Structures are given as C-alpha cells and as structure tokens.
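# A closer look at the structure
Chain by chain, the residues run as shown.
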2 protein chains.
Amino acid sequence: MTMRLADSGEGGELKRCVHDYQVNCGNCRLNGICLPLALETDDIKQLDEIIQRSKPLQKSQHLYREGDRFQSVYAVRSGALKAYKTTDDGREQVTGFYFPGEILGMDGISNNSHASSAKALETAAVCEIPFSSLERLSAMMPNLQRHFFQLMSREITEDQQLITLLSKNSADERVASLMLSISNRNAKRKLSATQFRLPMSRVDIGNYLGLTVETVSRVFSRMQKMDILLVDNKEIRILDTEGLKKMANLGT
Amino acid sequence: MTMRLADSGEGGELKRCVHDYQVNCGNCRLNGICLPLALETDDIKQLDEIIQRSKPLQKSQHLYREGDRFQSVYAVRSGALKAYKTTDDGREQVTGFYFPGEILGMDGISNNSHASSAKALETAAVCEIPFSSLERLSAMMPNLQRHFFQLMSREITEDQQLITLLSKNSADERVASLMLSISNRNAKRKLSATQFRLPMSRVDIGNYLGLTVETVSRVFSRMQKMDILLVDNKEIRILDTEGLKKMANLGT
DNA sequence: CCCCGGACTTGACGCAAATCAAGGTCCCCG
DNA sequence: CGGGGACCTTGATTTGCGTCAAGTCCGGGG
C-alpha cells in the first residue's frame, strides 16, 4: 500500500513529523524559488505554520494518484518527482518533472481531484501545503495571492512550451530542449549547469517528449558522437552548450 | 449574405452589444460558464463594475500580442478567438480556441507580459477584466478567489489533455477529439452538439493539433467517407457521434 | 561473488504523416 | 460581375520515427 503524506493526519503522528524535520521556510535554501519569494518575514512565519513536512518518499512511491481527492499542493524539498497521466490504452504521458523548489499538484484544484499522478523518481522530501489554508492566507496576504496566481500561470506557460515542442520539433530538438531545461533549473538551484545525474529513466524521458525509448537512446548516442554531450548512463555532462542550443533550435 | 449556423445562435446578442454595451454579468446568458458561477447577486454586482465591455473585434484583429504588457484577462462574449505562439522559425503553434463563456489571457500573469497572442477568428465581443481589480476583489470574496484558482487549474488540465493528444494520438484521433470538444462546448452553451460552423481554418486546426493542412483535410475526407461527419467546407454535421468517439479513442 | 532482471543500446524494416505538386473552390474587392 | 488570392482537396513521393528483434550493461540480492 502506498504511503501518502495526507494519511499522516493524526495529531501525534504529525507532531513527530514536525519534530523530525525541523526545516522552515525562513531558513530553507530554496526560498528564492519556492512559494515565499515575495513575502515579508512576518508573512513567511504564518505560511510556515500551515506547511507540513513529513518523512521522505522512497523511490517510486506515489505522492498522490489520479483521481485522489485534492487537498494540498506540494513543494519539492529534495529529490525529484514526475507527474503523469495514464491513457485509456494503458500508456503513460509524463506531464512534468519536478525538482527542488518547484511546486506540483495544482492541476487538482479545478475538480477537487488530482488530474494526474505524482511519483518519486528517487528518494524525495516534499512540503505539503494544505490548499484550504493557502486560500485563507492568500485572501489576507495580497503578495501570497499574487505569487500563487503567478505560479499557476507559469505552469500554464510551461505546458504551452511543451505543447509547441511536441507538435513542432524533431526528436533531436526535443531531447536537446529537455537537457537545456534541466541545466537551467540546476543553475537556478546553484548546482552545476553542465554536469548532472538524470533522476528519470529513458522511458520517462520518452513518455514526456512523446518519443520511444529507442529514439531517445539514439538521440543521446548521436549527441555523444557530435561531442555535444558526454553520456554515461544517467550521468550527463554538457560539453558544448552552444551546440546543444543550436540543436534545440529555440531562441531561448 | 449566407445564413450561417453559428450566427443564428450568437448573432442577436452581438447586435445588442453593438447598440449599447449595457450587458451585465447578472443578465448575461453565459454566466453559468464564465467567471461569476459561484457568486451571490451582491458579489456579481461588484464584479460587474470592474468589467469593461468594448466594441467588438473584427475578424483577424488582435486582442493582445505576445510580449504585450499584461493587464487584463478576457471573457469571450460572442464569436471565437485563437491563442497562439510564433516559433523562432516563424511557424505558428495554436495553443487554444476560445468560445463564448470561456476565459483567456491567464498565461500573462506569471511575467506581467502575455506569453501568447490572441486573435479573433470572426467578429467577436469580449469582456475585459482588469487583473488588478480582480486580485483586489478576490481577496475580499473567497468564492471569487476560489473560482479563479479553479479556472486557471482547468486551463492547466486542458493543456495537459492537449499534450497527451499530441504525443500519443494519431491524426484521426486528434481531429476526432477536437470535433468532440467543440461539440461538447457547444452543448454547454445550449447550441447544437451535432451541427456547427467551424470558425477556424484548416491551417489553424493543423497548427493546433500538430498536423499539416493536407493531413487535416484528408482526415475530414476520410470521416466523410465513413459517414461519421458531413463536411461542407466549414459547416460540420456529426452523423455518428458514437463512431466519432470510437475514432477519437478517448475514454471520455 | 555470481546470477538474474530490468534498463539501455543498436540495427533492420515498415508506416503514418510530411513534403511536394497540381488543381479546384470560395469569396472579397474592384 | 468578373478577376485574383487565400483556402481547401487530392495524389505521388519521401522520411523520421515507431516497431521488432537481438544483444549488452549494470546493479542488487542470494
């Protein structure tokens, strides 16, 4: 049975979680990326109080599943997750990868039920932000309301980027774009932009980019042969960022 | 001038708009679809006051362009619009079609600048909702805040539907899905679900579904030959809804 | 340590949709 | 009312990626 954060709703249980995971938004090194960006110290304290931190998810554990009742959005603290939908014929469409500082779960608001599932790609810790509390606080704190509107809007523009990628770009361009996206997001978190370990499998990459595993693999080989990337299984090193950008063929 | 199916529904309303812009949310026949869904009569009056109604857009006029400063979101009152982005190599990705009662422009919130352009596919009237006022009202009216969160979330889930469609479905399935989507949205507006006039060109459909014009045209021909649709240029009549659903191959 | 299964790579082949090409049709404007 | 350009359809050909198949690599458990 899958362990869900929301399940640890009992008083004693919750308290223990808080004790064990004494991080708070004020001292979190991700607080430039995550929710509290625009807030005053006082406001952060209030936000901090509604956020629940619990024990990490193990690899391949679900944070929530398609159809689950929507109660919270989640901020990634460490590790990585994927969000995905399962099509009627059983195939999987990955709709996003989420790294530390990023927020997921917002697609559940419209129906009070999650429109996708979220699963840990590796051991991951998340902050749970109960949506009802977030709504209440937002009404009181204009900055928070605005910030959350912006977060949702960003999710929309990112989805639209992906739509364009899927419908207009070749396999090479898609994979190159994803590598650049991961590189940029790493840079934002003060990690290396040129060397990283992919937390997701080739299958996941394929299911995200609308390609088969074989094609993804072939693209990596091609990039390696062109001395753009150095690929050692999940270890990636970008040798030629300009070449990669050219291959991605995006003005960005 | 030829009588058109779609005009018979919206034409009267358009005429009234042209004469005077004194429509208000309280008496708008779209208010079950649009923003004020969850509001009390008093609240609607307040919302009504911030909404600006202006003279209709002519076909192919822009409502806003990619990069424009973001100030408002818009509700379609009559007609139809498309939202699209232009890729670096000059091609066009249509990210959505918007019919009466639907809201567009929310992708501009994250950067205070529109991430896409919006253009009228035919003569269209829109309600402009200044975002700053909407934010102010939202903080005061929890129902409005929630409703707007839900609207944005719906935009996200719809984009994710499109992502899945683009990456997993054949040309036949894509076109069939779009026809069903338009049919359903018509039904919501109390118009015929089986007979309508497409406001967009084949090129627009292709640019939305990630297909070329030729392919779109061929799919229409195929559907006609299978007695699923009756296609007369932009006039569409659905002859076999079940067959269409089967062709779309979506559990919905 | 070795074995096993899942993840990844590589090659051969086929197909759905893109591209190229040529007309046909609608309708806007002079 | 008639000319022209945009839009649409249809056919022939090409091609990028999917599919199928056959390994190879790697990591974890006995």
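Everything here concerns the structure above.
Bear in mind the structure is a predicted one, so any value in this text is a computation, not a measurement. For every chain, the first residue of its written sequence is number 1, and the numbers climb from 1 along that sequence. Following the order in which they are written, the chains are lettered starting with A and the ligands numbered starting with 1. Two thresholds apply to this predicted model, a pLDDT of at least 70 for residue-level local features and 80 or more for giving and counting side-chain atom pairs, whereas whole-chain, interface and lining totals are computed over all residues. In computing side-chain properties, one takes all heavy atoms of the structure into account and sets aside hydrogens as well as water.

## Re the overall build of chain A
A count of helices and strands for chain A gives 8 helices and 11 strands. Residue contacts are counted whenever heavy atoms from the two residues lie within 4.5 Å of one another. Long-range pairs, those at least 24 residues apart, make up 73% of the contacts in chain A with a sequence separation of at least 6. The protein chains shown are the only cover counted for residues, whose accessible areas, like all others here, come from Shrake-Rupley with a 1.4 Å probe. Here chain A has roughly 11300 Å² of accessible surface; of this, 47% comes from carbon and sulfur atoms. Runs of H or I in DSSP of at least four residues are treated as helices and runs of E of at least two as strands, each being numbered from the N terminus.

## Concerning the protein's contact with DNA strand C
Close to DNA strand C lie 16 residues, the nearest being Ser217(A), Arg218(A), Ser221(A), Ala171(B) and Thr215(B). Near, as used in this document, describes a residue that has one of its heavy atoms within 4 Å of the molecule or strand being considered. Of all atoms in DNA strand C that approach within 4 Å of the protein, 64% are sugar or phosphate atoms. In the model, a base nitrogen of DNA strand C is placed 3.1 Å from a nitrogen or oxygen of the Glu214(B) side chain. Those elements that provide at least two residues to the surface near DNA strand C are α7 (213-225) of chain A together with α7 (213-225) of chain B. Broken down by element, the residue count for the surface near DNA strand C peaks at 4 residues, all from α7(A). Here the nonpolar group is Ala, Val, Leu, Ile, Met, Phe, Trp, Tyr, Cys and Pro; Asp, Glu, Lys and Arg are the charged ones; every other residue, Gly included, is treated as polar. Among the residues forming the surface near DNA strand C, the class breakdown is 2 nonpolar, 8 polar and 6 charged. Pairs of N or O atoms within 3.5 Å make up the polar contacts considered here, provided that, within protein, one atom can donate a hydrogen while the other can accept it, and that residues adjacent in sequence are counted only when both atoms are side-chain atoms.

## Some points on the packing of aromatic side chains
The aromatic pairing rule takes the rings of Phe, Tyr and Trp, using the six-membered ring of Trp, and pairs them if the centres are within 6.5 Å, calling planes under 30 degrees apart stacked, those over 60 edge-to-face and the rest tilted. In the structure shown here, the tally under the stated rule is 13 aromatic pairs over all chains. Between Phe97(A) and Tyr208(A) the ring centres are 4.9 Å apart and the planes differ by 50°, which places this aromatic pair in the tilted class. Of the two residues, Phe97(A) is situated in strand β5 (residues 92-98) and Tyr208(A) in helix α6 (residues 202-209); the sequence distance between them amounts to 111 residues. Relative accessible area decides the class of each residue, using a 1.4 Å probe on protein chains only: under 20% of the type maximum gives buried, over 50% gives exposed, and in between gives partly exposed. A residue is classified by how much of its surface remains accessible, and Phe97(A), at 4% relative accessible area, is buried. Tyr208(A) gets classed as buried once you look at its relative accessible area, which sits at 14%. Ring centres 5.2 Å apart and planes at 80° place the aromatic pair Phe148(A) and Phe149(B) in the edge-to-face group. Pair noted here: Phe148(A) is in helix α4 (residues 142-168) and Phe149(B) is in helix α4 (residues 142-168), and the two residues belong to different chains. Given a relative accessible area of 0%, Phe149(B) falls into the buried group. Chaining the aromatic ring pairs together yields one cluster made of Phe70(A), Phe131(A), Phe148(A), Phe149(A), Phe70(B), Phe131(B), Phe148(B) and Phe149(B).

## Comments concerning the pairing of strand β11 (residues 235-238) of chain B
Residue and element names in this part refer to chain B. In this description, strands pair whenever DSSP reports at least two bridges between them. In terms of strand pairing, strand β9 (residues 195-197) meets β11 through 3 bridges, oriented antiparallel. The residue bridging Arg197 from the neighbouring strand is Glu235, located in β11. With 4 bridges connecting them, strand β10 (residues 229-232) and β11 associate as antiparallel partners. Within β11, the position partnered with Asp232 by the bridge is Glu235. Linking β10 back to β11 in an antiparallel pair, the connection comprises 2 residues, with Asn233 at a positive phi of about 55°.

## Some points on the relation of the copies chain A and chain B
Copy-to-copy alignment: least squares on C-alpha atoms, limited to residues at pLDDT 70 or above in both. By a simple turn and slide, chain A fits onto chain B: the slide is 0.0 Å along the axis, the RMSD is 0.1 Å, and the turn is 180°. When the rotation and shift are considered jointly, the pair of chain copies conforms to a two-fold rotation axis. In terms of C-alpha distance to the rotation axis, chain A has Ala139(A) as its closest residue, with the C-alpha 2.1 Å off the axis. Take the interface residues of chain A: 100% of them recur as interface residues in chain B, which is what a same-surface contact looks like.

## Remarks on the environment of Thr194(B)
All names here are of chain B. Mapped onto the fold, Thr194 is located in the loop between α5 (171-188) and β9. Note: C-alpha distance between Thr194 and Ile182 (12 residues apart in sequence) is 9.7 Å. Sequence-distant contacts of Thr194, defined by excluding residues within four places in its chain, comprise Ile236, Arg237 and Ile238.

## Observations regarding the sheet that holds strand β4 (residues 81-86) of chain B
Residue and element names in this part refer to chain B. One open sheet holds the 4 strands; their spatial order is β2-β7-β4-β5, and the pairing between them is antiparallel. Sheet topology places β2 (62-64) and β5 (92-98) at the edges, where each strand pairs with a single neighbour. Ignoring strand direction, the axes of neighbouring strands in this sheet form an average angle of 30°. As judged from the 4 bridges shared by β4 and strand β7 (residues 117-120), these two strands associate in the antiparallel manner. Only C-alpha atoms enter the line fits that serve as axes; for helices the fit covers just the stretch in contact. Angles between N-to-C directions range over 0 to 180 degrees.

## Section: the nonpolar core
One finds Phe220(A), Met179(B) and Phe220(B) to be the most contacted residues of the largest nonpolar core, which totals 72 residues. Once residues lying within four places of it in the same chain are set aside, the contact partners of Phe220(A) are Val175(A), Met179(A), Leu198(A), Arg202(A), Ile205(A), Leu229(A), Val231(A) and Ile236(A). Grouped together as the second largest cluster of nonpolar side chains are 48 residues, Ile50(A), Phe131(B), Leu134(B) and Met152(B) included. Only buried Ala, Val, Leu, Ile, Met, Phe, Trp, Tyr and Cys residues count toward a nonpolar core, and they belong to the same one when joined by side-chain atoms within 4.5 Å.

## Some words on the interface of chain A and chain B
Counting residues at the interface gives 43 residues for chain A, matched by 43 residues for chain B. Buried area counts how much accessible surface, traced with a 1.4 Å probe, disappears from two parts once they are put together, with both parts' losses summed. Both sides of the chain A and chain B interface together cover about 4100 Å² of buried area, and 57% of this is carbon and sulfur. Considering only the side of chain A, the residues that lose the most area to chain B are Phe149(A), Ile163(A) and Lys168(A), jointly responsible for 17% of the buried surface there. Salt bridge, as used here, is a side-chain nitrogen of Lys or Arg placed within 4 Å of a carboxyl oxygen of Asp or Glu. At the junction of chain A with chain B, the criterion picks out 2 salt bridges. Taken together, the connections running from chain A to chain B amount to 20 residue pairs in polar contact (both at pLDDT 80 or more). Of all elements in the fold, only β5, α3 (131-140) and α4 of chain A reach the threshold of two or more residues within the side of chain A that touches chain B. The element that contributes the greatest number of residues to the side of chain A that touches chain B is α4(A), accounting for 20 residues.

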